[in-house]
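# Breakdown of the fold
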Amino acid sequence: MNKKIFALMSILVIASIAITACGGAAPTGAPAAGGNSVEVFSWWTGGGEAAGLEAMIKVFNAEYPDVEFVNAAVAGGAGTNARAVLATRLQAGDPPDSWQGHAGQELIGTYVAGGQIEPLNDLYEAQGWLEVMPETLIPLISDNGNIYSVPVNIHRANVLWYNPTVLADNGVEVPATMDEWFAAMDTLKAAGVTPLAVGEQWTKLHLLETVLLGTLGADAYNGLWDGTTDWASADVTAALENYAKALTYANSDSASLSWQDAAQLVINGDAAFNVMGDWAEGYFRELGKAPNTDYGWAATPGSGGVFQFLSDSFVLAVGAPDPEAATAWLTVAGSKAGQEAFNPVKGSICARTDCDKSLFGVYLQSAMDDWASNVVVGSLTHGVVANDSWKTEIDTALGLFVADSNVDTFQSALVAACASSGPCK
Ligand code: GAL
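Note that the structure is a prediction, hence the values are computed from the model and not measured.

## Notes on the sheet that holds strand β14 (residues 349-350)
Strand order across the open sheet formed by four strands is β14-β7-β12-β15, with mixed pairing between neighbours. Single-partner strands in this sheet number two, and they are β14 and β15 (375-378). Two elements, strand β7 (residues 153-156) and strand β12 (residues 306-310), share two bridges in a ladder whose sense is antiparallel. Across the sheet, residue His155 finds its bridge partner in β12, namely Leu310.

Structure representation (structure tokens):
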């Protein structure tokens, strides 16, 4: 990291604060004098996740030995707990300096819309990030010409993880279509094997988005989010019926399992399949498991050739207690060294396009190839395609569906959610 650029950025940040203050438009909770520490908020505490963060913190500590890193991570996969805690803090005018926010509607529709994060255009310019971040990502973190976050990775949501031994022992091939998947799961069920490992509610939402994609195809899936696919259509009914059917193959204790617990059922040979983002690979590797032997992977049924993505990114809070230290953190998060340390451990590929491929394992190398060649669509569960209020409505409808399995009621609730919070307004 070039310390001169950091010094310059610090001056720019301080200058912009001074200008804001002079203009009388000081953000709520105006920055206090820098305490030379940065509080970074995320939900990376669990298996596979904390290790990735730690690897990036190590780079940060080496680059900025005088700045204390305060790890304010709150446990709970997909940020279900952390985001509630963050919302409370933001409401109370007590923001962490920087937090994890998904590129896409989560960022734009929540934090930008709420005036809670600062534009980072100057940092992008100083670091030359526009040359190394994917062009397709920039619009998902921008509003009105301002860029609002620093993406650290690209994750894939539509991955079907499987236990190769369990499949081989039962004469089951890796399924490519929904029908093949159901046939495979019938065979496994008849043999007394749990076909599908599922966890707590957000993992069911994750499963739902992959079944919508796998049943509808990429174009119609995209149309759900821009209003060109009718949520009331027979195709969506078929997708929801597939989803209802998929859930019949799941373990009965799903509600009490974290995503790691569910993934572990597959690794331990207690279940055959698990649909989860590729942070699961970071977890498998942390457990010392070997790719292609202990676990295998494929695109979720029906979604071959499509990469359903999400991107973790970090932001600068309006009213950050220490904007200089926060800028230092963001500088590392966007750097080649930071991303090369973080991603091979986290189970994601770099957001940057210039990372050294040889640092990554065989799964992530295949993800890089797919990211470069597949049709790319966005994830619902992880913030890309729908704003928070729409996602919450979908999640509420899902909660009821999990309890009553009524596809008609579920579909009507999804139609209503698009009408109240989505593009069907
Ligand atoms: C996602 C996040 C991933 C991973 C996952 C499970 O929302 O983008 O990085 O942390 O949740 O916790």
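## Topic: the state of the cysteines
Evaluation of the coordinates by the stated rule reveals two disulfides. One disulfide bridge connects Cys418 with Cys424, the sulfur atoms lying 1.8 Å from each other. Between Cys418 and Cys424 the disulfide shows an S-S torsion of about 70°. By sign, it is right-handed. Classification of Cys418 by relative accessible area gives buried; the value is 0%. When the bonded cysteines of the protein are counted from the start of the sequence, the pairing works out to 1-2, 3-4.

## Considerations on the environment of Ala84
Assignment of secondary structure puts Ala84 in helix α3 (residues 82-91). Taking the C-alpha atoms as reference, Ala84 lies 9.9 Å from Val74; in sequence the two are 10 residues apart.

## A short note on the site of the ligand
As a structural note, the neighbourhood of the ligand is formed by 13 residues, with Glu49, His102, Asp312, Lys346 and His382 the closest of them. A distance of 2.7 Å separates an oxygen atom of the ligand from a polar atom in the side chain of His102. Note that an oxygen atom of the ligand is positioned 2.6 Å from one of the side-chain N or O atoms of Asp312. Considered on its own, the ligand offers 300 Å² of accessible surface; in the complex 100% of this is hidden by protein. Comparing atom positions with the cavity grids shows the ligand to sit within the largest cavity. Grouping the constituent residues of the shell around the ligand by class yields six nonpolar, four polar and three charged. Here the shell around the ligand spans two domains, since at least three of its residues come from each of domain 1 (3-18 + 27-154 + 311-372) and domain 2 (156-308 + 373-421).

## Topic: the sheet that holds strand β9 (residues 194-197)
Reading across the sheet, the four strands line up as β9-β10-β8-β11 and stay open at both edges, with mixed pairing between neighbours. Each end of this open sheet is capped by a strand with a single partner; those strands are β9 and β11 (296-299). Going from strand to strand, the sheet's axes swing by 25° on average, the running direction of each strand aside.

## Digging into the domain arrangement of the protein
Along its sequence, the protein is carved into domain 1 (3-18 + 27-154 + 311-372) and domain 2 (156-308 + 373-421). With centres defined by C-alpha atoms, the gap from domain 1 to domain 2 works out at 28 Å. With 32 residues of domain 1 in contact, the opposing surface of domain 2 contributes 28 residues. Across the interface of domain 1 and domain 2, roughly 2400 Å² is buried in total on both sides, 53% from carbon and sulfur atoms. When residues of domain 1 are sorted by the area they lose upon contact with domain 2, Gln105, Tyr363 and Asp370 head the list and together hold 25% of the total.

## Focus: the nonpolar core
Counting residues in hydrophobic clusters, the biggest one holds 132 residues, and the most contacted among them are Trp181, Trp225, Phe273 and Trp329. Examining the composition of this core, we find that eight residues originate from one element, helix α8 (residues 201-216), more than from any other. The residues that make up this core include at least three from each of domain 1 (3-18 + 27-154 + 311-372) and domain 2 (156-308 + 373-421). Once residues lying within four places of it in the same chain are set aside, the contact partners of Trp329 are Val38, Val40, Leu53, Met56, Phe60, Phe69, Ser98 and Phe314.

Cut-offs and rules
- Residues numbered from 1 in each chain as written.
- Predicted model: local features only at pLDDT ≥ 70, side-chain atom pairs only at ≥ 80, totals over all residues.
- Heavy atoms only, no water.
- Pairing = 2+ DSSP bridges.
- Helix = DSSP H or I, 4+ residues; strand = E, 2+ residues; numbered from the N terminus.
- Disulfide = S-S within 2.5 Å.
- Buried < 20%, exposed > 50% of the residue type's maximum accessible area, 1.4 Å probe, protein only.
- Near = heavy atom within 4 Å.
- Polar contact = N/O pair within 3.5 Å; in protein donor to acceptor, adjacent residues only side chain to side chain.
- Areas by Shrake-Rupley, 256 points an atom, 1.4 Å probe, with all protein chains shown as cover.
- 1 Å grid on protein atoms, 1.4 Å probe; cavity = no way out; pocket = protein on both sides within 12 Å on 5 of 7 lines; lining within 4 Å.
- Sits in = over half its atoms within 2 Å of the grid points.
- Nonpolar A, V, L, I, M, F, W, Y, C, P; charged D, E, K, R; others polar.
- Domains from an automatic or database assignment.
- Axes fitted to C-alpha atoms, helices over the stretch in contact; angles between N-to-C directions.
- Contact = heavy atoms within 4.5 Å.
- Buried area = accessible area lost by both parts, 1.4 Å probe.
- Core = buried A, V, L, I, M, F, W, Y, C linked by side-chain atoms within 4.5 Å.

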